[in-house]
Amino acid sequence: MKGSKILSAVFGVLGILLMVATAAVSIASRNAQPRMLESPEAASTQAQHMMDALCAGDYEAAQSCIYGQPDLGAGEPEDAVSKLLWDAFTDSLSYEFTGLCRVTDTGFARDASVTYLDVSGVTAAVPQRAKALLEAKAAAAEDKTEIYNEDNSYRNELVDQALNDAVTQALSEDAQTVTRDVTLGLIYQDGAWWVVPDQALLKIISGVA
């Protein structure tokens, strides 16, 4: 079924963010020469700004807080199915700091606990759901030309609708959240504090954690 190919593209919307963000942050922070300040208040505020932006779905604001300002893939998906997943994921994001700023070799760090939608758990059964919806539609149809193309594949608009309905069902019936511990590194460079997310947070941002 062509739906499986479309579905794999949908799931890639969030996953593409990780590789870009990881490379940019790793290269940028490696050469940084931070200057310590007496108070971590400004560093802590920057960490809070970034996490608040992430949880609001404002990736442009979030990446402006990260050292090297890597492209986190700002902007909402254009197609309806991807937008359903995107909205559910960003709506589910929340965090709380689990301690005060602590000193590190490069500046400060702030630990946090992040809760978010288990995207893989939602999408796991979507292909089967979509297939069942399409088969039910085909069985009920009196005019098969409304269901199939000339090559006997499902019409694109029906596949899109089935995927949309399948994701909607999955979000309603299968959605669960998970909580992970993350660490935000904080370095002082060029007169400002910058956040260096750890791998755990980058994976959460990408939707693959």
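That block above? That's the structure.
Residues numbered from 1 in each chain as written. Predicted model: local features only at pLDDT ≥ 70, side-chain atom pairs only at ≥ 80, totals over all residues. Heavy atoms only, no water.

Caption draft 1: View of the environment of leucine 72. Relative to the helices and strands, leucine 72 resides in the loop between α4 (59-63) and α5 (80-92). The spatial distance from the C-alpha of leucine 72 to the C-alpha of glutamate 60 is 7.6 Å, given a sequence separation of 12 residues. (Helix = DSSP H or I, 4+ residues; strand = E, 2+ residues; numbered from the N terminus.)

Caption draft 2: View of the packing of aromatic side chains. One pass over the structure, following the stated rule, counts six aromatic pairs. Ring geometry for tyrosine 188 versus tryptophan 193: centroids 5.3 Å apart, planes at 65 degrees, classification edge-to-face. Note on accessibility: tyrosine 188 and tryptophan 193 belong to one class, buried. The lysine or arginine in question, arginine 110, covers the ring of phenylalanine 97, its NZ or CZ lying 4.0 Å from the ring centre. (Phe/Tyr/Trp six-rings, centres within 6.5 Å; stacked < 30°, edge-to-face > 60°. Buried < 20%, exposed > 50% of the residue type's maximum accessible area, 1.4 Å probe, protein only. Lys NZ or Arg CZ within 6 Å of the ring centre and 35° of its normal.)

Caption draft 3: Quick peek at the pairing of strand β5 (residues 192-197). Extensive coverage of β5 is indicated by the burial of five of its six residues. Pairing geometry for strand β4 (residues 177-189) and β5, over six bridges, is antiparallel. Considered in β5, the bridge of isoleucine 187 is made with tryptophan 194. The turn linking β4 back onto β5 is made up of two residues, and aspartate 190 within it adopts a positive phi angle of 55 degrees. (Pairing = 2+ DSSP bridges.)

Caption draft 4: The nonpolar core, seen in detail. Within the largest apolar cluster, 48 residues are counted, with the highest numbers of intra-cluster contacts made by Met50, Leu54, Val114, Leu184, Leu186 and Leu201. Top contributing element to this core by residue count: helix α8 (residues 156-173), with seven residues. Those residues within four positions of leucine 184 in sequence are excluded, and the remaining contacts are Ala47, Met50, Met51, Phe108, Ala109, Arg110, Val195, Val196 and Leu201. (Core = buried A, V, L, I, M, F, W, Y, C linked by side-chain atoms within 4.5 Å. Contact = heavy atoms within 4.5 Å.)

Caption draft 5: How the structure looks around the pattern of salt bridges. A full pass over the atoms with the stated rule returns six salt bridges. In this structure, the salt-bridge partner of lysine 83 is aspartate 87, at a minimum N-O distance of 2.7 Å. Placement of both lysine 83 and aspartate 87 in helix α5 is noted, with a separation of four residues, approximately one turn of the helix. Accessibility expressed as a relative area gives 24% for aspartate 87, which makes it partly exposed. Put simply, arginine 129 and glutamate 173 hold a salt bridge, and the shortest N to O gap is 3.2 Å. Residue arginine 129 is located in helix α7 (residues 126-140), and its partner glutamate 173 is located in helix α8; the two are separated by 44 residues in the primary sequence. (Salt bridge = Lys/Arg side-chain N within 4 Å of Asp/Glu carboxyl O.)

Caption draft 6: Quick look at empty space enclosed by the protein. Summed over the entire model, instances satisfying the criterion amount to two cavities of 30 Å³ or more. Here the second largest cavity is characterised by a volume of approximately 40 Å³. Those elements that provide at least two residues to the lining of the second largest cavity are α3 (41-55) and α9 (199-206). Looking at the lining of the second largest cavity residue by residue, the class counts come to eight nonpolar, no polar and no charged. (1 Å grid on protein atoms, 1.4 Å probe; cavity = no way out; pocket = protein on both sides within 12 Å on 5 of 7 lines; lining within 4 Å. Points joined across faces, edges and corners; volume = space filled by probe spheres on them. Nonpolar A, V, L, I, M, F, W, Y, C, P; charged D, E, K, R; others polar.)

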